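Structural overview for review
So the chains spell out like this:
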Amino acid sequence: MITIEIFGPGCRRCRATAQAVRQAVQKAGIEATITEIHDPREMAQARVVFTPAVRVNGVMRCLGRVPEAVEVAEWLAETGGKAA
């Protein structure tokens, strides 16, 4: 199973990021744990300065922008559907 973390305060861009991630996971037909992290302390601990941010299996993939669902699908394909 893949672990995906979405960091952000819950703004419009963060919601768009979460939607893109969910679309890519659903289209890929894989199992993934998606966690939205809104706590500023947790974001600071993860060294997230710009939001939204996306981390897949512990690897930061996106900072400060909304990724396209196609881009997220590429990240998922790179992981091969395997957990970290």
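Below is a summary of the structure that appears in this document.

Rules used throughout
Throughout this document, residue positions are counted from 1 along each chain, in the order its sequence is written. Only residues with pLDDT of 70 or above have their local features reported here, since the model is predicted, and side-chain atom pairs are shown and tallied only from 80 upward, although totals for entire chains, interfaces and linings are computed over all residues. Computation of side-chain values covers all heavy atoms of the structure but excludes hydrogens and water. In short, DSSP must find at least two bridges between two strands for them to pair. Each helix corresponds to a stretch of at least 4 residues labelled H or I by DSSP, and each strand to a stretch of at least 2 residues labelled E; elements are numbered beginning at the N terminus. Definition of nonpolar core: a set of buried residues of the types Ala, Val, Leu, Ile, Met, Phe, Trp, Tyr and Cys, connected through side-chain atoms within 4.5 Å. The classification of residues rests on relative accessible area computed with a 1.4 Å probe and restricted to protein chains. Under 20% of the type maximum is buried, over 50% is exposed, and intermediate values are partly exposed. With the strands aimed away from the viewer, a crossover counts as right-handed if its path from the first strand over the helix to the second runs clockwise. Angular values range over 0 to 180 degrees, each being the angle between N-to-C directions of two axes fitted as lines to C-alpha atoms, with helices fitted over their stretch in contact.

**Regarding the pairing of strand 4 (residues 59–63)**
Strand residues, when the strand is regular, have side chains that alternate between the two faces of the sheet. Where strand 3 (residues 53–56) meets strand 4, four bridges bridge the pair, whose relative direction is antiparallel. Within strand 4, the position partnered with Ala 53 by the bridge is Leu 63. What sits between strand 3 and strand 4 in their antiparallel hairpin is a turn of two residues, with Asn 57 showing a positive phi close to 50°.

**Structural notes on the nonpolar core**
In terms of nonpolar packing, the biggest core is built from 13 residues, with Ile 4, Val 21, Val 54, Val 56, Val 72, Trp 75 and Leu 76 touching the most fellow members. Where this core is concerned, the elements lending two or more residues are strand 1 (2–7), helix 1 (12–28), strand 3 and helix 3 (69–79). Top element by residues in this core is helix 1. It accounts for four residues. Among the nonpolar cores identified, the runner-up in size contains six residues, and Ile 37, Met 43, Ala 46 and Val 48 belong to it.

**Details of the pairing of strand 1**
Of all six residues in strand 1, five are buried, a share of seventy percent or more. Across six bridges, the pairing between strand 1 and strand 2 (residues 32–37) is parallel. The residue bridging Glu 5 from the neighbouring strand is Thr 35, located in strand 2. With helix 1 bridging strand 1 and its parallel neighbour strand 2, the resulting β-α-β unit is right-handed.

**Description of the sheet that holds strand 2**
Overall, mixed pairing links the four strands, which are arranged 2-1-3-4 in an open sheet. In this open sheet, the two strands that pair with only one neighbour each are strand 2 and strand 4. Neighbour to neighbour, the strand axes of the sheet diverge by 20° on average, direction disregarded.

This is a description of form; function is not addressed.
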